[in-house]
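# A look at the structure
Spelled out from the first residue to the last, the chains are:
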Amino acid sequence: MNYTIKQVSEKTHLKPHVLRYYEREGLLPFVDRSESGIRRYSEEDLEWLSLICCLKNTGMAIKQIREFVELSLQGKETLKERCSMLIAHKKEVEDQIAGLKKYLCKVDHKITYFTDQYEKYLDEKSEIGAVSHGTD
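Residues numbered from 1 in each chain as written. Predicted model: local features only at pLDDT ≥ 70, side-chain atom pairs only at ≥ 80, totals over all residues. Heavy atoms only, no water.

## As for the nonpolar core
Applicable threshold: The criterion is simple. A nonpolar core is a set of buried Ala, Val, Leu, Ile, Met, Phe, Trp, Tyr and Cys residues joined through side-chain atoms within 4.5 Å. Relative accessible area decides the class of each residue, using a 1.4 Å probe on protein chains only: under 20% of the type maximum gives buried, over 50% gives exposed, and in between gives partly exposed. The way it works is that DSSP assigns letters per residue, a run of H or I at least four long becomes a helix, a run of E at least two long becomes a strand, and they are numbered from the N terminus. Here, two residues are considered to be in contact whenever any of their heavy atoms come within 4.5 Å of each other.
Judged by nonpolar contacts, the single largest core of 23 residues is most densely connected at Val8, Leu19, Tyr22, Leu28, Tyr41, Leu49 and Ile65. Breaking this core down by element, the ones donating at least two residues are helix 1 (5-12), helix 2 (16-24), helix 3 (43-57) and helix 4 (62-73). With residues up to four places along the chain from it excluded, the contact list for Tyr22 reads Leu14, Leu27, Leu28, Leu49, Ile52, Lys56 and Ile62.

Here is the structure:
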């Protein structure tokens, strides 16, 4: 089955100009065209697009993604190099996640701290209200 750029845009939530940009940058070199020049995306193109989005959304630079695609075009003899690229990228993502977890711990700590402070404030406020109304 073939998809138009509009259909792919709707399916992937990527704007058509982003799809065209990826194609210009060499990230989608396989996209077929009709005789009139209209892009026809295949299921395989959608799979590539899914991988491209995954890599991009996890911080891989367009230049590196292009290198990965170019290696893929060279065939099976580049499998080891592609695997090495993905392993290195995975390590970078894991490092980012570890850093984010540290920040998340700090945020959790501050939530606990401010919640405690707020509860103390409410207690003090209710004590002051009780004293001023003579209900002690």
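Now that the structure has been shown, we can carry on.
## Topic: the UniProt feature "domain: HTH merR-type" (unreviewed entry) in the chain
Short version of the rule: UniProt positions are given in the numbering used here, feature names are shortened, and annotations may be inferred rather than shown by experiment.
In the numbering adopted here, UniProt assigns the feature "domain: HTH merR-type" (unreviewed entry) to residues 2-71. Annotated as residues 2-71, this span is 60% helix and 6% strand, and its ends, taken at the C-alpha atoms, are 25 Å apart.

## A closer look at a nonpolar patch on the surface
Cut-off, in case you're wondering: What goes into a patch is any residue over 30% in relative accessible area without a salt bridge, connected to like charges within 9 Å or, for nonpolar side chains (Val, Leu, Ile, Met, Phe, Trp, Tyr), within 5 Å. Working definition of accessibility: Shrake-Rupley area with a 1.4 Å probe, residue cover restricted to the visible protein chains. Put simply, a salt bridge is a Lys or Arg side-chain nitrogen that is within 4 Å of an Asp or Glu carboxyl oxygen.
Where nonpolar side chains cluster on the molecular surface, the patch consists of Leu104, Val107 and Ile111 and spans about 270 Å² of accessible area. Mapping Leu104 onto the fold places it in helix 5 (residues 79-132).

## Side note on the pattern of salt bridges
The final tally for this structure, using the stated rule, is six salt bridges. In this structure, Arg39 engages Glu23 in a salt bridge whose closest nitrogen and oxygen atoms are separated by 2.5 Å. With a gap of 16 residues between them, Arg39 in strand 2 (residues 39-40) and Glu23 in helix 2 connect regions that are remote in the sequence. One salt bridge connects Glu94 with Lys90, and the closest N-O pair in it is separated by 3.4 Å. Here Lys90 and Glu94 lie together in helix 5, a separation of four residues that amounts to about one turn. Here Glu94 falls in the partly exposed class, since its relative accessible area comes to 40%. The network of salt bridges with common partners includes Glu23, Arg33 and Arg39.

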